[in-house]
Structure formats: structure tokens, C-alpha cells
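Coordinates in review
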Amino acid sequence: MSALIDVILPVFLVIGFGYAAARAGLVSDLAVDAVMRFAQNFAVPCLLFSSIARLDLAANYDLGLFAAFYVGAFTGFGLGFAGARYLARRPVEDCVAIGFACLFSNSLLLGLPITERAYGPEALAANYAIISIHSPLLYGFGITVMELVRSRGMGLSKARLGRQVVTAIFRQPLVIGISLGFVVNLTGLALPDALSAAVEMMSRAALPTALFGLGGVLLRYRPEGDMKLIGMVTMISLIVHPGIVWLLGRHVASLDTAQIRSAVVTAAMAPGVNAYLFSNVYGVAKRVTASAVLIATGVSILTTWFWLQLLP
């Protein structure tokens, strides 16, 4: 019970403050959007830049860690796609978006603060290793599959598809922050003290503002209709994905304690807002993904507590 109160509840209280403030009209939709733009376009990229720049790549880039986490993630996509297609008879484009919601856990806005509160800042190395390839890999996969599906029967230019995928990935501020962090890490470039201090100040603002803004954004989603599909996405995201990671991490990849903790907690997070944004860009399955983000985020209070109790 102490994990629920001391670790999980503070994170969700900040989200709740943002939700309540938006609901009471204390912050407008424009203000919520501004907070999220600041967090996602500036503060969080600074956090990722500084973390990747300092990350010991040789020690923390572990094939077993990536295999355990991403086998679970892509299994989630396959299950979500198949469930939407063969059980709910949804169009293929909808199935891709629903599978993407099962694939894309909220590794950053929820996974980082919960891991930090549970195990301390020194436990975040494996989180940052996972996050460093999370958006590029999963967005690249999702965009590629969706474009292949949408272009079926029309003739597909591989060069055009490749340019579209690469452009979409590297236009994301998070990916830009990660990429610049790798440049500094691999070149050993020393940043001026003033610049390092400024980046550090921005980094400290990242998670609180992002969580508060997330609460305001969640107010816009309405849990309605398609409850079987929403329940399926929630189950795959909160139970199946972390369950696969736990089994593979313990019995196949032989991860150490810190790696298992980071991988399972990250996998156990609800779908991120990016899952809805992906649906919104393509105009498919928006109601399912929006409702799944909201409901799974609420349910994850209890399921995260379960996984924290199970972890060593």
C-alpha cells in the first residue's frame, strides 16, 4: 500500500490537478495547449538531451533489455490489430491505429516519474536507454505500416515512403533532443557551463509541467462507445505488455534488477497521448484511442501498484 500512496499517487495527483483546473475553467484550452507545447517541444527535449548526453551507452545499451521490452510492445501491436480486425471487423486503417495504441506506452510522462519515485534517480539509466529509441522506432513502424495499408493497390514508391517516414520522425522535438544528446555523447563535446545550466533548468521543469498539461488534455477525451475495443487496448497495454517483459526479462534475457524494474514499469504505462495524435493525423479510430488513453491512465493507478509489488 505504501507504493500506491508514496510512489504512484503523487504522480497522478499532479495529473489530477491539471484535470481539475481545466474542468473548473481555471486554465483555458489554449493555456493547456501552451503548457503541453512548452513541455513536449522544449522542456522534455532538454531533459532527454541532457540525459542521453550523459548516459553510459556501453553499460546501458543492452540487447536483452531492448528485446524484452520491444518484443512485448510489438506483440501488443499484433494482438491489438488482430482483435480489431477479426473480432470487431474494423477497417484495416482503424486496426493499425488501435494496434499502435497497444504498442505505444507512455514511457516518458508516466514511466520516468514513477520509476524515479519508486527507485530513485539513479535507477533511470535503463529508462533512458529504452526512451532513446522509443519514438523513432515505434513512430517509424506505425507510419510505415499505415502508409503501406493506405497505398495498397495504388502502387508504392519506396523512396517516397522512406522520405515521408524519416521526415515525420525527425520533425519531432523529442527525437531532435535525443539525436543532439547522442551527438554530444559520442563526440565528447563539452558544453559551455552557461548552456549546461540553462538546459538543466529547463529539464527540471519538464515532468511537472508535462503531467499537469496531460491532466488538462485528458479532460477532452470522452469514454464512449466501442467499450470492448477500449477494454482490449487497456488490457494489452497494462497487463499483457508488462507481463511479456517480466517473463522475458527474468527467464530469457536474464536482466538485472534495475533493468527489470525499468523495463516492466515502462511497459506497464497506459498508452500515451501520442497514440491518439497518431489516430488523429490519419482520421481513424479516434474515439477508441482517445477513450483508451483516458481509461487506461486511470486504471493504471491500480495496475502499476500491482507491478511494483511484483518487482524485486
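Up top is the structure.
The notes below deal with the structure included here. (Residues numbered from 1 in each chain as written. Predicted model: local features only at pLDDT ≥ 70, side-chain atom pairs only at ≥ 80, totals over all residues. Heavy atoms only, no water.)

1. Comments concerning the packing of helix H2 (residues 29-54) against helix H9 (residues 173-187)
Put simply, H2 and H9 touch, their axes get as near as 7 Å, and they point 25° apart. By the angle class used here, H2 and H9 are roughly parallel. Every pair of crossing elements has a handedness; the one defined by H2 and H9 is right-handed. Residues Gln40, Asn41, Val44, Pro45, Leu48, Phe49, Ile52, Ala53 and Arg54 of H2 form the contact with H9, whose own contacting residues are Pro173, Leu174, Gly177, Ile178, Leu180, Gly181, Phe182, Val184 and Asn185. Taken together, the residues that form the contact of H2 with H9 break down as 12 nonpolar, 5 polar and 1 charged. (Axes fitted to C-alpha atoms, helices over the stretch in contact; angles between N-to-C directions. Helix = DSSP H or I, 4+ residues; strand = E, 2+ residues; numbered from the N terminus. Parallel < 35°, antiparallel > 145°, perpendicular 65-115°, else oblique. Left-handed = near helix turned anticlockwise from the far one by under 90°. Contact = heavy atoms within 4.5 Å. Nonpolar A, V, L, I, M, F, W, Y, C, P; charged D, E, K, R; others polar.)

2. Section: the environment of Tyr119
Along the polypeptide, Tyr119 turns up in helix H6 (residues 107-119). Note on Tyr119: relative accessible area 17%, which makes it buried. Sequence-wise, Tyr119 and Val7 are 112 residues apart; in three dimensions their C-alpha atoms are separated by 9.2 Å. With residues up to four places along the chain from it excluded, the contact list for Tyr119 reads Arg261, Val265, Leu308 and Leu311. (Buried < 20%, exposed > 50% of the residue type's maximum accessible area, 1.4 Å probe, protein only.)

3. Describing the packing of H6 against helix H10 (residues 193-218)
When two helices pack together, you describe them by how their axes are tilted relative to each other and by the distance separating the axes. The contact between H6 and H10 brings their axes to 10 Å, and the two run at 125°. Between H6 and H10, the angle falls in the class oblique. Where H6 crosses over H10, the handedness of that crossing is left-handed. Of H10, the residues touching H6 (which contributes Leu108, Leu109, Leu110, Leu112, Pro113 and Glu116) are Leu207, Ala210 and Leu211.

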